[in-house]
Amino acid sequence: MGFNCGIVGLPNVGKSTLFNALTATAQAEAANYPFCTIEPNSGRVAVPDTRLGELATLAKSANVVPTYLEFVDIAGLVRGASKGEGLGNKFLSHIREVDAVCHVLRCFDGGEVTHVEGNIDPVRDAEIVETELLLADLDSMERRLDTTEKRAKGGDKEARAQLAVLEPVVAVLREGQPARTAKISDDQMVAFRQLQLITAKPVLYICNVDEDSAATGNAHTAAVEEMAAGIGAAAVIVSAEIEAEVAQLEDPDERAEFLEGLGLEETGLSRVIRAGYELLHLITFFTVGPKETRAWTVAQGATAPEAAGRIHSDFQKGFIRAETIAYADYIEQGGEQGAKEAGRMRQEGRDYIAKDGDVMLFRFNV
(Lines give C-alpha, C1' and ligand atoms only; values in the text may rest on other atoms or scores of the structure.)
Protein backbone atom coordinates (compact mmCIF):
# COMPACT_ATOMS: atom_id res chain seq x y z
CA MET A 1 0.00 0.00 0.00
CA GLY A 2 1.40 3.41 -0.92
CA PHE A 3 -0.68 5.65 1.34
CA ASN A 4 -4.29 6.40 2.16
CA CYS A 5 -6.15 9.64 1.68
CA GLY A 6 -9.39 10.67 3.28
CA ILE A 7 -11.74 12.46 0.88
CA VAL A 8 -13.42 15.24 2.82
CA GLY A 9 -15.47 18.35 2.10
CA LEU A 10 -18.88 19.90 2.53
CA PRO A 11 -21.93 17.88 1.41
CA ASN A 12 -22.78 17.89 -2.31
CA VAL A 13 -19.38 18.99 -3.64
CA GLY A 14 -18.76 15.74 -5.55
CA LYS A 15 -16.83 13.64 -3.02
CA SER A 16 -18.70 10.38 -3.57
CA THR A 17 -18.90 10.90 -7.32
CA LEU A 18 -15.13 11.38 -7.41
CA PHE A 19 -14.58 8.39 -5.13
CA ASN A 20 -16.72 6.17 -7.35
CA ALA A 21 -14.83 7.31 -10.42
CA LEU A 22 -11.40 6.90 -8.89
CA THR A 23 -12.09 3.42 -7.59
CA ALA A 24 -14.36 2.46 -10.51
CA THR A 25 -16.89 1.11 -8.04
CA ALA A 26 -20.36 1.99 -6.84
CA GLN A 27 -19.51 1.57 -3.16
CA ALA A 28 -20.47 5.11 -2.22
CA GLU A 29 -23.94 6.33 -3.07
CA ALA A 30 -23.90 9.71 -4.74
CA ALA A 31 -27.15 11.61 -4.17
CA ASN A 32 -28.44 15.16 -4.07
CA TYR A 33 -28.76 15.38 -0.31
CA PRO A 34 -26.29 15.63 2.60
CA PHE A 35 -24.96 12.65 4.52
CA CYS A 36 -25.69 9.99 1.92
CA THR A 37 -22.37 8.43 2.94
CA ILE A 38 -23.08 6.94 6.37
CA GLU A 39 -19.97 4.82 6.88
CA PRO A 40 -16.61 5.67 5.34
CA ASN A 41 -16.07 3.58 2.20
CA SER A 42 -12.57 2.75 1.10
CA GLY A 43 -11.21 1.62 -2.22
CA ARG A 44 -7.78 0.53 -3.40
CA VAL A 45 -6.56 2.02 -6.66
CA ALA A 46 -3.64 0.85 -8.76
CA VAL A 47 -1.02 3.57 -9.17
CA PRO A 48 -0.52 4.18 -12.92
CA ASP A 49 3.16 4.10 -13.88
CA THR A 50 4.32 3.69 -17.48
CA ARG A 51 7.74 2.52 -16.25
CA LEU A 52 6.17 -0.67 -14.93
CA GLY A 53 5.07 -1.89 -18.37
CA GLU A 54 8.38 -0.96 -19.99
CA LEU A 55 10.34 -2.92 -17.41
CA ALA A 56 8.03 -5.92 -17.72
CA THR A 57 8.37 -5.95 -21.50
CA LEU A 58 12.17 -6.05 -21.34
CA ALA A 59 12.13 -8.76 -18.66
CA LYS A 60 9.38 -10.73 -20.43
CA SER A 61 7.55 -10.91 -17.10
CA ALA A 62 4.55 -13.23 -16.79
CA ASN A 63 2.81 -10.87 -14.35
CA VAL A 64 2.77 -7.13 -13.75
CA VAL A 65 1.77 -5.87 -10.30
CA PRO A 66 1.39 -2.15 -9.59
CA THR A 67 1.57 -0.55 -6.19
CA TYR A 68 -1.69 0.66 -4.67
CA LEU A 69 -3.11 3.56 -2.74
CA GLU A 70 -6.31 3.78 -0.80
CA PHE A 71 -9.02 6.40 -0.86
CA VAL A 72 -11.44 6.70 2.04
CA ASP A 73 -14.72 8.47 1.30
CA ILE A 74 -15.80 10.33 4.44
CA ALA A 75 -19.26 11.88 4.83
CA GLY A 76 -19.70 15.62 4.33
CA LEU A 77 -18.95 17.96 7.19
CA VAL A 78 -21.02 21.07 7.94
CA ARG A 79 -20.67 24.13 10.13
CA GLY A 80 -20.68 23.04 13.75
CA ALA A 81 -19.53 19.47 13.04
CA SER A 82 -16.95 19.75 15.82
CA LYS A 83 -19.86 20.48 18.19
CA GLY A 84 -21.97 17.60 16.93
CA GLU A 85 -23.86 19.28 14.08
CA GLY A 86 -24.75 17.10 11.13
CA LEU A 87 -23.19 13.73 11.78
CA GLY A 88 -20.64 15.34 14.07
CA ASN A 89 -17.52 13.94 15.62
CA LYS A 90 -18.10 10.42 14.37
CA PHE A 91 -16.54 11.34 11.05
CA LEU A 92 -13.79 13.48 12.54
CA SER A 93 -12.45 10.27 14.09
CA HIS A 94 -12.30 8.67 10.64
CA ILE A 95 -10.15 11.54 9.36
CA ARG A 96 -7.64 10.96 12.15
CA GLU A 97 -6.87 7.53 10.72
CA VAL A 98 -5.71 8.61 7.23
CA ASP A 99 -2.26 9.73 6.09
CA ALA A 100 -3.39 12.77 4.14
CA VAL A 101 -6.53 14.80 3.54
CA CYS A 102 -7.92 15.21 0.03
CA HIS A 103 -10.26 18.17 0.36
CA VAL A 104 -12.77 18.28 -2.49
CA LEU A 105 -14.05 21.75 -3.35
CA ARG A 106 -16.90 22.55 -5.71
CA CYS A 107 -15.50 24.82 -8.40
CA PHE A 108 -18.37 24.92 -10.90
CA ASP A 109 -21.52 27.02 -11.10
CA GLY A 110 -25.01 25.89 -12.03
CA GLY A 111 -26.11 22.29 -12.12
CA GLU A 112 -29.01 20.55 -10.44
CA VAL A 113 -27.17 19.82 -7.20
CA THR A 114 -27.77 22.43 -4.53
CA HIS A 115 -24.87 23.75 -2.46
CA VAL A 116 -25.33 23.46 1.28
CA GLU A 117 -24.14 27.08 1.76
CA GLY A 118 -26.41 28.47 -0.95
CA ASN A 119 -23.74 29.72 -3.36
CA ILE A 120 -20.39 28.68 -4.84
CA ASP A 121 -17.28 29.88 -3.00
CA PRO A 122 -14.60 27.17 -2.70
CA VAL A 123 -12.22 29.25 -0.57
CA ARG A 124 -15.00 29.85 1.96
CA ASP A 125 -15.86 26.14 1.86
CA ALA A 126 -12.23 25.22 2.55
CA GLU A 127 -12.19 27.58 5.53
CA ILE A 128 -15.41 26.10 6.94
CA VAL A 129 -14.02 22.57 6.91
CA GLU A 130 -10.57 23.65 8.13
CA THR A 131 -12.22 25.50 11.02
CA GLU A 132 -14.23 22.44 12.06
CA LEU A 133 -11.14 20.24 11.95
CA LEU A 134 -9.17 22.84 13.88
CA LEU A 135 -11.86 23.16 16.56
CA ALA A 136 -11.96 19.38 16.94
CA ASP A 137 -8.18 19.31 17.46
CA LEU A 138 -8.32 22.23 19.88
CA ASP A 139 -11.04 20.61 21.99
CA SER A 140 -9.15 17.34 22.36
CA MET A 141 -5.76 19.01 22.94
CA GLU A 142 -7.07 21.42 25.58
CA ARG A 143 -8.52 18.51 27.54
CA ARG A 144 -5.25 16.61 27.21
CA LEU A 145 -3.26 19.71 28.19
CA ASP A 146 -5.27 20.13 31.37
CA THR A 147 -4.64 16.58 32.58
CA THR A 148 -0.98 16.65 31.50
CA GLU A 149 -0.34 19.91 33.40
CA LYS A 150 -1.72 18.34 36.57
CA ARG A 151 0.55 15.32 36.18
CA ALA A 152 3.57 17.51 35.43
CA LYS A 153 2.99 19.57 38.58
CA GLY A 154 3.06 16.30 40.49
CA GLY A 155 6.57 15.62 39.22
CA ASP A 156 5.76 13.24 36.36
CA LYS A 157 8.78 13.44 33.99
CA GLU A 158 6.88 11.89 31.08
CA ALA A 159 4.12 14.49 31.49
CA ARG A 160 6.71 17.29 31.39
CA ALA A 161 8.04 15.95 28.11
CA GLN A 162 4.50 15.77 26.72
CA LEU A 163 3.86 19.36 27.79
CA ALA A 164 6.79 20.51 25.68
CA VAL A 165 4.89 19.20 22.62
CA LEU A 166 1.35 20.06 23.70
CA GLU A 167 1.96 23.70 24.59
CA PRO A 168 3.15 24.90 21.15
CA VAL A 169 0.39 22.86 19.48
CA VAL A 170 -2.39 24.34 21.63
CA ALA A 171 -0.91 27.82 21.16
CA VAL A 172 -1.19 27.72 17.34
CA LEU A 173 -4.64 26.11 17.47
CA ARG A 174 -5.89 28.90 19.75
CA GLU A 175 -4.59 31.40 17.19
CA GLY A 176 -6.71 29.69 14.52
CA GLN A 177 -3.76 28.03 12.80
CA PRO A 178 -3.50 24.31 11.98
CA ALA A 179 -1.32 22.06 14.12
CA ARG A 180 1.14 21.53 11.26
CA THR A 181 2.32 25.14 11.73
CA ALA A 182 3.53 24.46 15.29
CA LYS A 183 7.30 24.56 15.78
CA ILE A 184 8.21 21.01 16.73
CA SER A 185 11.81 19.82 16.99
CA ASP A 186 13.00 16.63 15.28
CA ASP A 187 13.28 14.75 18.57
CA GLN A 188 9.66 15.65 19.38
CA MET A 189 8.19 14.43 16.09
CA VAL A 190 7.34 10.93 17.33
CA ALA A 191 5.33 12.35 20.24
CA PHE A 192 3.74 14.91 17.90
CA ARG A 193 2.56 12.19 15.49
CA GLN A 194 1.13 10.17 18.37
CA LEU A 195 -1.29 13.03 19.06
CA GLN A 196 -3.13 12.08 15.82
CA LEU A 197 -3.97 15.68 15.05
CA ILE A 198 -6.25 16.13 12.05
CA THR A 199 -4.76 19.52 11.15
CA ALA A 200 -1.24 18.10 11.24
CA LYS A 201 -1.97 16.03 8.14
CA PRO A 202 -0.85 17.29 4.72
CA VAL A 203 -3.69 18.64 2.57
CA LEU A 204 -4.39 18.26 -1.12
CA TYR A 205 -7.17 20.46 -2.49
CA ILE A 206 -9.11 18.82 -5.33
CA CYS A 207 -10.94 21.39 -7.43
CA ASN A 208 -14.00 19.67 -8.87
CA VAL A 209 -14.84 21.51 -12.10
CA ASP A 210 -17.26 21.11 -14.98
CA GLU A 211 -16.18 19.48 -18.21
CA ASP A 212 -15.39 22.77 -19.98
CA SER A 213 -12.92 23.80 -17.24
CA ALA A 214 -11.11 20.47 -16.88
CA ALA A 215 -8.15 21.45 -19.06
CA THR A 216 -7.77 25.13 -18.19
CA GLY A 217 -9.43 25.69 -14.83
CA ASN A 218 -11.54 28.74 -14.03
CA ALA A 219 -11.81 31.69 -11.64
CA HIS A 220 -12.77 29.38 -8.77
CA THR A 221 -9.75 27.12 -9.24
CA ALA A 222 -7.46 30.14 -9.52
CA ALA A 223 -8.69 31.33 -6.13
CA VAL A 224 -8.09 27.88 -4.61
CA GLU A 225 -4.59 27.66 -6.10
CA GLU A 226 -3.73 31.06 -4.64
CA MET A 227 -5.04 29.99 -1.23
CA ALA A 228 -3.15 26.67 -1.36
CA ALA A 229 0.11 28.35 -2.32
CA GLY A 230 -0.26 30.71 0.62
CA ILE A 231 -0.38 27.86 3.14
CA GLY A 232 2.05 25.48 1.47
CA ALA A 233 -0.61 23.04 0.29
CA ALA A 234 -1.15 21.50 -3.15
CA ALA A 235 -4.13 21.80 -5.50
CA VAL A 236 -5.20 19.80 -8.56
CA ILE A 237 -8.04 20.30 -11.02
CA VAL A 238 -10.33 17.33 -11.60
CA SER A 239 -13.72 16.88 -13.20
CA ALA A 240 -15.57 14.16 -11.30
CA GLU A 241 -17.99 14.05 -14.23
CA ILE A 242 -15.19 13.27 -16.69
CA GLU A 243 -13.55 10.79 -14.33
CA ALA A 244 -16.86 8.93 -14.07
CA GLU A 245 -17.01 8.66 -17.87
CA VAL A 246 -13.37 7.59 -18.17
CA ALA A 247 -13.92 4.87 -15.57
CA GLN A 248 -16.46 3.26 -17.90
CA LEU A 249 -13.92 2.94 -20.74
CA GLU A 250 -11.91 -0.27 -20.37
CA ASP A 251 -9.89 0.07 -23.57
CA PRO A 252 -6.74 2.22 -23.03
CA ASP A 253 -6.89 3.59 -26.59
CA GLU A 254 -10.50 4.67 -26.12
CA ARG A 255 -9.56 6.40 -22.87
CA ALA A 256 -6.67 8.22 -24.52
CA GLU A 257 -8.88 9.31 -27.44
CA PHE A 258 -11.61 10.50 -25.09
CA LEU A 259 -9.17 12.53 -22.99
CA GLU A 260 -7.48 13.97 -26.06
CA GLY A 261 -10.84 15.20 -27.31
CA LEU A 262 -11.18 17.19 -24.09
CA GLY A 263 -7.68 18.62 -24.29
CA LEU A 264 -6.38 16.39 -21.49
CA GLU A 265 -3.20 14.33 -21.51
CA GLU A 266 -4.01 12.23 -18.45
CA THR A 267 -6.81 11.39 -16.05
CA GLY A 268 -7.53 13.30 -12.90
CA LEU A 269 -6.58 10.17 -10.97
CA SER A 270 -3.03 10.41 -12.29
CA ARG A 271 -2.78 14.03 -11.19
CA VAL A 272 -4.15 13.22 -7.75
CA ILE A 273 -1.67 10.38 -7.30
CA ARG A 274 1.32 12.43 -8.43
CA ALA A 275 0.34 15.29 -6.14
CA GLY A 276 -0.23 12.81 -3.33
CA TYR A 277 3.20 11.27 -3.78
CA GLU A 278 4.82 14.69 -3.64
CA LEU A 279 2.69 15.62 -0.64
CA LEU A 280 3.74 12.56 1.36
CA HIS A 281 7.30 12.40 0.01
CA LEU A 282 6.94 8.92 -1.47
CA ILE A 283 8.97 7.14 -4.14
CA THR A 284 8.54 3.96 -6.18
CA PHE A 285 11.10 1.19 -6.65
CA PHE A 286 10.75 -1.98 -8.71
CA THR A 287 11.51 -5.67 -8.53
CA VAL A 288 11.84 -7.21 -11.99
CA GLY A 289 12.08 -10.80 -13.21
CA PRO A 290 10.60 -13.35 -15.62
CA LYS A 291 7.86 -14.32 -13.16
CA GLU A 292 6.83 -10.83 -12.10
CA THR A 293 7.53 -7.12 -12.37
CA ARG A 294 6.20 -5.28 -9.33
CA ALA A 295 6.13 -1.69 -8.10
CA TRP A 296 6.66 -0.86 -4.41
CA THR A 297 6.22 2.39 -2.52
CA VAL A 298 8.46 3.68 0.27
CA ALA A 299 9.05 7.04 1.88
CA GLN A 300 11.82 9.26 0.57
CA GLY A 301 14.91 8.63 2.64
CA ALA A 302 14.20 4.92 3.12
CA THR A 303 17.34 2.79 3.30
CA ALA A 304 17.88 -0.32 1.22
CA PRO A 305 17.00 -2.62 4.18
CA GLU A 306 13.81 -0.61 4.79
CA ALA A 307 12.88 -0.97 1.13
CA ALA A 308 13.54 -4.70 1.40
CA GLY A 309 11.23 -4.78 4.40
CA ARG A 310 8.36 -3.58 2.20
CA ILE A 311 8.57 -6.93 0.43
CA HIS A 312 9.05 -9.13 3.50
CA SER A 313 10.28 -8.56 7.03
CA ASP A 314 12.81 -11.40 6.61
CA PHE A 315 14.41 -9.45 3.74
CA GLN A 316 15.08 -6.57 6.12
CA LYS A 317 16.22 -8.70 9.05
CA GLY A 318 18.70 -10.71 7.02
CA PHE A 319 19.69 -7.95 4.57
CA ILE A 320 23.10 -8.45 2.95
CA ARG A 321 23.07 -6.14 -0.06
CA ALA A 322 20.86 -4.72 -2.83
CA GLU A 323 21.83 -5.26 -6.46
CA THR A 324 20.55 -1.98 -7.91
CA ILE A 325 20.05 -0.62 -11.41
CA ALA A 326 18.63 2.84 -12.11
CA TYR A 327 15.47 2.72 -14.22
CA ALA A 328 17.05 4.77 -17.04
CA ASP A 329 20.07 2.44 -17.15
CA TYR A 330 17.85 -0.65 -17.18
CA ILE A 331 15.93 0.70 -20.19
CA GLU A 332 18.98 2.08 -22.00
CA GLN A 333 20.93 -1.17 -21.68
CA GLY A 334 18.00 -3.39 -22.67
CA GLY A 335 17.49 -5.10 -19.33
CA GLU A 336 19.36 -6.61 -16.42
CA GLN A 337 22.03 -8.48 -18.37
CA GLY A 338 22.87 -5.49 -20.52
CA ALA A 339 23.10 -3.27 -17.44
CA LYS A 340 25.44 -5.77 -15.77
CA GLU A 341 27.71 -5.93 -18.82
CA ALA A 342 27.79 -2.13 -19.04
CA GLY A 343 28.79 -1.86 -15.39
CA ARG A 344 25.49 -0.17 -14.46
CA MET A 345 24.50 -2.64 -11.73
CA ARG A 346 25.61 -1.43 -8.30
CA GLN A 347 26.12 -3.40 -5.09
CA GLU A 348 24.53 -1.24 -2.40
CA GLY A 349 24.83 -1.80 1.34
CA ARG A 350 22.80 -1.04 4.43
CA ASP A 351 23.33 2.73 4.27
CA TYR A 352 22.12 3.15 0.69
CA ILE A 353 19.12 5.47 0.29
CA ALA A 354 16.62 4.09 -2.22
CA LYS A 355 15.97 6.30 -5.25
CA ASP A 356 12.77 6.67 -7.25
CA GLY A 357 12.85 4.23 -10.15
CA ASP A 358 15.50 1.90 -8.72
CA VAL A 359 15.30 -1.69 -9.92
CA MET A 360 16.41 -3.73 -6.90
CA LEU A 361 17.26 -7.35 -6.17
CA PHE A 362 17.79 -8.01 -2.48
CA ARG A 363 20.26 -10.55 -1.16
CA PHE A 364 19.49 -11.71 2.36
CA ASN A 365 20.15 -14.51 4.81
CA VAL A 366 17.88 -15.43 7.69
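Structure: above.
What you see is a predicted model; the values in this text were computed from it and never measured.

## Digging into the sheet that holds strand β7 (residues 234-238)
Logical step 1: Spatially, the 6 strands line up as an open sheet ordered β2-β4-β1-β5-β6-β7, and their pairing is mixed. Among the strands making up the open sheet, the edge pair consists of β2 (41-46) and β7. Looking at each pair of strands side by side, their axes are set apart by 25° on average, direction ignored.
Logical step 2: Pairing of β2 with strand β4 (residues 68-73) involves 6 bridges; the strand directions are antiparallel. Bridge assignment links G43 to a residue of β4, and that residue is F71.
Logical step 3: Where helix α10 (residues 268-280) meets the sheet, its contacts fall on β2, β4, β5 (100-106), β6 (203-208) and β7, and the angle it forms with β7 comes to roughly 170°.

## Structural notes on the nonpolar core
Logical step 1: Residues F71, I95, L204, Y205 and I206 are the most contacted members of the largest nonpolar core, which totals 57 residues.
Logical step 2: Residues in contact with L204, not counting those within four places in the same chain, are V101, C102, H103, A234, A235, V236, V272, A275, G276 and L279.
Logical step 3: Membership of the second largest hydrophobic core comes to 19 residues, among which are L134, M141, A152 and V165.

## Overview of the pairing of strand β9 (residues 292-299)
Logical step 1: Pairing geometry for strand β3 (residues 63-65) and β9, over 3 bridges, is parallel. Opposite N63, over in β9, you have E292 as the bridge partner.
Logical step 2: Both strand β8 (residues 282-288) and β9 contribute to a ladder of 7 bridges, which runs antiparallel. Following the sheet pairing, T284 is matched in β9 by T297.
Logical step 3: A loop of 3 residues connects β8 with β9, the two strands running antiparallel in sequence.

## Remarks on empty space enclosed by the protein
Logical step 1: Scanning the model with the defined rule gives 2 cavities of 30 Å³ or more in all.
Logical step 2: Computed from the structure, the largest cavity encloses a volume of approximately 60 Å³.
Logical step 3: Considering the residues around the largest cavity, the lining is formed by V101, H103, V129, E130, L133, R180, I198, T199, K201 and V203.
Logical step 4: At the level of elements, β5 and α4 (122-153) are the ones that each hand at least two residues to the lining of the largest cavity.

## Focus: the side chain of S61
Logical step 1: With respect to the helices and strands, S61 occurs in the loop between α2 (50-59) and β3.
Logical step 2: Within the structure, the side chain of S61 is placed 2.6 Å from the backbone oxygen of G289, a separation counted as a polar contact.
Logical step 3: What S61 contacts, discounting residues up to four positions off in sequence, is A56, G289, P290, E292 and T293.

## Some remarks on the environment of A200
Logical step 1: Tracing the sequence through the fold places A200 in the loop between α6 (189-194) and β6.
Logical step 2: Residue A200 is classed as partly exposed on the basis of its relative accessible area, which comes to 24%.
Logical step 3: Residues in contact with A200, not counting those within four places in the same chain, are A179, R180 and F192.

## A closer look at a negative patch on the surface
Logical step 1: A contiguous patch of negative charge, built from E250, D251, D253, E254, E257 and E260, is present on the exposed surface.
Logical step 2: For D253, the location among the structural elements is in helix α9 (residues 252-261).
Logical step 3: Classification of D253 by relative accessible area gives exposed; the value is 61%.

## Quick notes on the packing of aromatic side chains
Logical step 1: In total, this model carries 4 aromatic pairs according to the counting rule given.
Logical step 2: Among the aromatic residues, those joined into a cluster by ring pairs are F285, W296, F319 and F362.
Logical step 3: Here the basic side chain of R44 rests over the ring of Y68, its NZ or CZ set 4.3 Å away from the ring centre.
Logical step 4: Here the guanidinium or amino end of R51 rests over the ring plane of Y327, the centre of that ring lying 5.9 Å away.

## Regarding the pairing of β6
Consecutive side chains of a regular strand alternate in pointing toward one face of the sheet and then the other.
Logical step 1: Among the 6 residues of β6, 6 are classified as buried, and the element is accordingly described as predominantly covered.
Logical step 2: Here β6 shows a buried face lined by V203, Y205 and C207 and a second buried face lined by L204, I206 and N208.
Logical step 3: Strand direction decides the pairing type here: β5 and β6, joined by 6 bridges, are parallel. Within the sheet, the bridge partner assigned to V101 lies in β6 and is V203.
Logical step 4: In this fold, β6 hands off to helix α7 (residues 219-231), which returns the chain to β7; that crossover is right-handed.

## Points about the pattern of salt bridges
Logical step 1: In the structure shown here, the tally under the stated rule is 16 salt bridges.
Logical step 2: D125 serves as the salt-bridge partner of R124, at 2.9 Å between the closest nitrogen and oxygen. When sorted by exposure, R124 lands in the same class as D125, which is buried.
Logical step 3: The network of salt bridges with shared partners includes D49, R51 and D356.

Cut-offs and rules
- Residues numbered from 1 in each chain as written.
- Predicted model: local features only at pLDDT ≥ 70, side-chain atom pairs only at ≥ 80, totals over all residues.
- Heavy atoms only, no water.
- Pairing = 2+ DSSP bridges.
- Helix = DSSP H or I, 4+ residues; strand = E, 2+ residues; numbered from the N terminus.
- Axes fitted to C-alpha atoms, helices over the stretch in contact; angles between N-to-C directions.
- Contact = heavy atoms within 4.5 Å.
- Core = buried A, V, L, I, M, F, W, Y, C linked by side-chain atoms within 4.5 Å.
- Buried < 20%, exposed > 50% of the residue type's maximum accessible area, 1.4 Å probe, protein only.
- 1 Å grid on protein atoms, 1.4 Å probe; cavity = no way out; pocket = protein on both sides within 12 Å on 5 of 7 lines; lining within 4 Å.
- Points joined across faces, edges and corners; volume = space filled by probe spheres on them.
- Polar contact = N/O pair within 3.5 Å; in protein donor to acceptor, adjacent residues only side chain to side chain.
- Patch = residues over 30% accessible without salt bridge, like charges linked within 9 Å, V, L, I, M, F, W, Y side chains within 5 Å.
- Areas by Shrake-Rupley, 256 points an atom, 1.4 Å probe, with all protein chains shown as cover.
- Salt bridge = Lys/Arg side-chain N within 4 Å of Asp/Glu carboxyl O.
- Lys, Arg positive; Asp, Glu negative; His and termini not counted.
- Charge placed at Lys NZ, Arg CZ, Asp CG, Glu CD.
- Phe/Tyr/Trp six-rings, centres within 6.5 Å; stacked < 30°, edge-to-face > 60°.
- Lys NZ or Arg CZ within 6 Å of the ring centre and 35° of its normal.
- Right-handed = clockwise from strand over helix to strand, strands pointing away.

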